[in-house]
Every structure is written in structure tokens, then in C-alpha cells.
Amino acid sequence: MVELTIDGKKVEVQEGSMVMHAAHKLGVYVPHFCYHKKLSIAANCRMCLVEVEKAPKAMPACATPATNGMVVHTCSERAVAAQKSVMEFLLINHPLDCPICDQGGECQLQDLAVGYGGSTSRYNEEKRVVFHKELGPLVSAEEMSRCIHCTRCVRFGQEVAGIMELGMVGRGEHSEITTFVGRSVESELSGNMIDLCPVGALTSKPFRYQARTWELARRRSVSPHDSLGANLVVQVKGDEVIRVVPFENDALNECWISDRDRFSYEGLNEDRLTVPMIKGEDGQWKEATWSDALQVVAHGLMDVRDASGGAQIGALASEYSTLEELSLLARVTRGLGSENIDFRLRQTDASLDAALTGAPWLGFPVAELDTLDRVLVVGSFLRKDHPLMTQRLRQAAKRGTQISSIDIAADDPLLKLTARATVLPSALAQTVAQVAVALSKLKGQEVPAALASVQPDATAQAIAQSLSSGERVAILLGNTAVNALDASMIAANAQLVAQLSGGKFGFLTSGANTVGGYLAGAVPTKGGKGAAAMLSQPLKAYVVLHAEPLLDADNGAQAIATLKAAEFVVALTPYASGARDWANVMLPVAPFTETSGTFVNAQGTAQSFKGTAAPRGQSRPAWKVLRVLGNVLHLAGFDDETSETVRDAVLANGIESRLSNQLQILPGVSSGSAQGLQRVTDVPIYRSDAMVRRAPALQATGASRTPVARMHEQTLASLGVSVGQQVRVKSSTGHVMLTAEADNTLVAGAVRIAAAFEHTAALGSAFGQLQVERA
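Reading guide: rules and limits
Residues numbered from 1 in each chain as written. Predicted model: local features only at pLDDT ≥ 70, side-chain atom pairs only at ≥ 80, totals over all residues. Heavy atoms only, no water. Helix = DSSP H or I, 4+ residues; strand = E, 2+ residues; numbered from the N terminus. Rg over C-alpha atoms; globule rule 2.2 N^0.38 Å. Buried < 20%, exposed > 50% of the residue type's maximum accessible area, 1.4 Å probe, protein only. Contact = heavy atoms within 4.5 Å. Areas by Shrake-Rupley, 256 points an atom, 1.4 Å probe, with all protein chains shown as cover. Lys, Arg positive; Asp, Glu negative; His and termini not counted. Charge placed at Lys NZ, Arg CZ, Asp CG, Glu CD. Pairing = 2+ DSSP bridges. Axes fitted to C-alpha atoms, helices over the stretch in contact; angles between N-to-C directions. Core = buried A, V, L, I, M, F, W, Y, C linked by side-chain atoms within 4.5 Å.

A. A look at the overall build of the protein chain. A tally of helices and strands in the protein chain yields 24 helices and 32 strands. Expected size for 775 residues packed as a compact globule is a radius of gyration near 28 Å; at 28 Å, the protein chain falls within 12% of this value. Each of the three principal axes of the protein chain carries a C-alpha extent, and together these read 90 × 70 × 55 Å. By residue count, 61% of the 775 residues in the protein chain fall in the buried class. Considering only residue pairs separated by 6 or more positions, the protein chain has 72% of its internal contacts joining residues 24 or more positions apart. Carbon and sulfur atoms form 50% of the exposed surface of the protein chain, whose accessible area is close to 29,900 Å². The distance from the centre of the 72 positive side-chain charges to the centre of the 79 negative ones in the protein chain is 2 Å.

Structure (C-alpha cells):
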């Protein structure tokens, strides 16, 4: 530690810290633009010049190392004169357009110009003009003349997002921030550049000219889109959400959010269902009162129960439903005599439930991802499934953490991988078993009998070598592994790898409330059916909460056919088009911004939130609808008046004791061999849920482009198909016409086709076998 004095106050900081860090520790504000605590030091704005005793000139606080006995003055006459000189230079070329600038009212330059700028300018020459840049549908660079070259956006791309999409060309006042040869910015974290920009050069394109910052009400919330539970500030004008920005929480999202969290609010204002709807005998939809609609729902469900028994009723939900909604849905379902309830619509292996001893979770706090020294990720499209967890792993990799991957497509995670095995989906369990066998031999332990025939290849040995040399090891299962047909076997083999390497075993978990769904009891017990069984073995009545089965279920085509064939289906949905084709009653319920509720994230932290805007039209919070439905059905235990009492009942026995990744299943490998081409299925980041799919700006990005059939060059050649050619892709459930593309990140024998699109739903399961032929 070194001790220095700043403005007469003594402070101790770690050796190697800068004067800026010491000032922050004291709570002394030093004006700055280019400095940011999460980025490297650039020292190119010079706004943070301070007086250091015995130094011949003012020094930049962000780049001056603190030394023992140093005496610093941040607001002396000499320091302020230097800061004012810098401000004068910054304002020389800056346009005087604050009245029309989107950053007005929350602009760092504007704020500091009040304290350090002159009332008039001595500069009479013509100001420079920088032509606007096209960065894509999310980030606007229409006014690059405002740029002060702090390079925060450039450093963010390189250091946090992992890809340098912006850079600087030119010198002096001819410098410009630009993209590479006209490319758009496509990082899943790109919106953070908007927050980082201290002026109005980079702004939000969807929010552009929508409101002034002082017109907005600000309310805290939690992201519903992935298992991190990023903390948000939702900004509302009137009763409409028009902007979302991050709320800093170092334990989870730090000061970042993903573009999915930032721009999905547009989906709140599209295609909303605002009144209860009942389908008549003529097949026409008619508006109804809440009282009438709930009576129809109650009679429909009781008629099925009385005629066929409660076991003919099933409940399906989304992983983005709140803890309270899932708990009440489970109460209604069980009150009707059914155990058929599930929120994991993409999960295909029912034996995984039998193997679990508790709610699967990450296995350790999210912040510990930074401190691991060895990581193996199995079956995950990391960047797209978990963008901010990947960002933490990216920082860990820079510090020397060895990260390995076993996956079905070699997408670039934008971080250094020590070893990587890209295999066919059917080979995931076998590949994990190879790592387990290699580890057993390295540790001098007996190979389990079930794996005696497994021979590790060079990649498996490299992964095992990496894991065996670590002290803080984690084996993480991704969404693809958990949803696979042999998920229980993959998980059992991964658990063995964790045991052999002395590491932690965890599930990345897919939805905002996946852990909460288990805690709320929204999973089948006592012989009840899971989602896959409910949709493949038709029941007579269904209650569907927040989900769009065509796009959210593993086999969307089968799901819709099953729902259409049922006697009675009720949909609780915020969206008018979400259930029009298959429901008998549609009840308008509120999305997360219009209700109170709780999400339990991957690390088992329950985060509650309040509504940020009034419900649209006659829509109501789903927990209230389910509570009243329980009353109408004359079921016991539906007296809750607030969502907090529902939450407290679920969490009464705590969370930690109910979390467990321990599996009651032995490792093994599959004896069967797949026939034909295997489908590699990803759920694109902006197709993951109903809200995101309705956000126009996100759907305009490259990540949401029309699906194509991507195959390795060898596969294309064996089929006699050329790149760009139309092909007919067939499965056991249907066929679609797609454009063929070469993709050498796949292994030969695989066809990559995105899920969660209407166009590809006819192909059925994400793990099906396909045939491809020229059209």
C-alpha cells in the first residue's frame, strides 16, 4: 500500500493504483471523459489534469501512478486552469446543438462545460464536420461531429465485448470513429457503447427523439430474458416504456446489460391483447368481460375433469413466468387433480427429472466466474445464450483462466479456448465420457465399467490435462446439453468429470426463472407428465401461461397440432396473435413491466420487482388472474391479496437447501447410432421469447435473419449442393425450403437450422434427423 494526500486528505491505495483511484476512494470528484473504471486507461481526453506538488506541469489523474508521500491538488488554481484549457479545446469543434441532441440533460460534456467552459469562444474558424456513420438498427451515429475521441466505445469493443467493431482513423482534428469498411455493429453487448459515450455521438436508435430525459420516470426492475437476472432501470413516459438502461450490480451484471435486455422493451408495445377473448362455436373471436371469460374457463376445465379426470388437464408455462405466477399455476393444476405441469418446453429427456435431487443451478455465485482457473462448458452457444456470463469468462481468460468447450457448432465465443471438441449432437455424451476416462487415467483411478470401451481422442486428453492442472475448476452444462435427447447421460458424465477434477458441477440454466420454476413446483411429480409428454400424448384440456408453443416448444408443429385437437385450451398471454390459432379463451395478462413478481436467477438469488407501468387496456397481472381463477373454481388456498404473500409461501423454507446438482444416475454412453443428417439447432438470441420476437429493432439485426441450411463443405459436396442453392429439408414431421450455406464450424453430417421461426417449425424437434435434397 502507498499513502498520498489529495486536497489535504490522506488516503491509502494499493501500489500500482492511479491518482484517480485514490480520489474515488476519498469521494473526491475529478472531471474526466475517457476514464472508466471497467476499461483500460487511455489518458487521451486530458480533462482529469491535476496539480501534483514538485511536478513541472499538470498531470492526468487517470494515468499518474500514486506514490508514497505524493501531494495532489484537484481544484487548485493551477489544476482548474489546466482543466479549463482542455475544455476550451474540446468545445472548439463541438457543435452547438444541445437543444436537439438526444443526450441533452444527461451529457457529461454539458455538465462539465458549465463548470469549466467559458461563456464565449475565442475560436472563430469554421468547425469540422464529420459525416454520419451507419452502425445498424440499434446504435445511432448520426451526429459524429459531437465525438470528442474519448475512445470509450473502441476500448469497450476490444476489452469487454471481445470484438473490435469500432476504431479510429485519421489524425488530430481529422480523427474519426468508424466501423471497418462500412460494416454494422453486431455485438450482443453493443448498446453499452451508448451508455459509455459521454456526449451525444452514439445514441439509441429506437429511443431517438422519443423523449427528454427529465420527462422520464425511472423504476428498477430485473431482466426476464436469461438466467443472469441483470438489474435494469426501466424508464417510462406516461404509461409507455420507452427506454431500458442498466442498474449497476457488481455481483451480477456489473454496469452492463445485453442488447436483448436493452431493446426488447419495444416488444411491450406491439401486438398487445387488451381484452379477454372467447372463441364462439362459429370459430370467431368475441370480446368478453373478465367475469364471463373466467366463468367459461372454469366450466371448460371442470367439464374435462368431471368427464375424464384431472389427469386429462395439463399446464404449460414459459421460463420467463414469475415465481408467483408459476406457483399459482401449480396450485390451480393440482387443485384440479392433475400433476401435469411443466415450464421447460424445450426439454426432451424425461429421465433427467428422475435423476435430479433438487433444483439445478449454477453451483456457485456468478461473480466467481471471474476467479475460476479451469472451466469446461458443455453444449452451449455461450455468447447468445448467456452474453454477460460469457463476458465474465472473457475477462477471466485474459487473466489466464483455461476455458475448454464441448459443443455442436464452433461459434466464436470471442475468448481464448484452450481446447475445443465440436461434435454431432448425438456424440455429446460420448465426448464428455472420453474426458472422464482421460481424467481417470491421469488421476490413476479406475475407469467406471460403463465407460470401459471409451477411448479418449487427442482433444479429450487436452481437455482432461487442462482440468487436472486446475485448483478452482467448474464444469458447466449449457442449454443444448440440458435439452438433448440423452441429457441425463450427458449430465451424469459431466458430474463424473467434475468429481475427478475436484471441481464444481453446475447448470447455466436457460430462463430468467428456471430455478424459480423448480422452487414453485411447476414441474411434474407423482407420475405427472412433462411438457414433451403432454404435447406428444394429447390431453383434453390445457392451460398455457406466457408461452407460444409453436416457437417455444422443442417440437412446435406437434405442439400446435396437439393443442388444436384438445377439447378446451385457455391461454394467458400478453399478445393477441400468440394463441389465436389454437386457444378457446385468451386472457390478457401483463408482461414483466406491468406486474410485480420475482425471478430466481442461476445462482439462486431471488430478485423481486414492482410494475413499472400500468397494465395495457384490461390486461391484468397473471398472478391475480390465477388467484381469482382458483376462487372461481372453488379451490382451497387462493386467499393471497399480494404477490409478496405468494412469494413468501414459496420461499418459506429458504432457497439454498433446495438447490442441488447431485444426480442419481450412473455415467454411460449411448449404444445406438444416428441415421441420416443430424440437426444442429440454435435459438437465436433475439428469438428466445415472445417479447423479444416482437421488438422491431432486434428483428432487424443480422442475428434474426431468415433461417438457412448451413452445412460443412464436405456435406454440401456429398449432397451435390452448391452454396446459395435452394434445398428441400425433410424431417419426420414435415419439410421446408431453405437456402444452402457453407459453414465449416460444423462437423460433417450436420445441418444447422435455427429454431423459434415460423418458417422452420414444420421440421419438428431440435434433435431430429433430416434429409436434404436439391430443390
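B. Layout of the sheet that holds strand E32 (residues 769-774). In space, the 6 strands of this closed barrel follow the order E27-E31-E28-E30-E29-E32, with mixed pairing throughout. When strand polarity is set aside, the average angle formed by the axes of neighbouring strands in this sheet is 45°.

C. Structural view of the side chain of Ser 264. If you trace the backbone, Ser 264 turns up in the loop between helix H6 (259-263) and strand E13 (277-279). Judged by relative accessible area, Ser 264 falls into the buried class, the value being 1%. If sequence neighbours within four positions are ignored, Ser 264 has contacts with His 225, Asp 259, Met 691, Val 692, Ala 695 and Leu 698.

D. Summary view of the nonpolar core. Grouped together as the largest cluster of nonpolar side chains are 103 residues, with contacts concentrated most on Leu 477 and Leu 587. Tallying contributions element by element places helix H12 (residues 428-443) first for this core, with 9 residues. Each residue touching Leu 477, except ones within four places of it in the same chain, is listed here: Val 378, Val 482, Ile 490, Ala 491, Ala 494, Phe 505, Gly 506, Phe 507 and Leu 508. Counting residues in hydrophobic clusters, the runner-up holds 92 residues, among them Ala 58, Leu 90, Val 199 and Leu 698.

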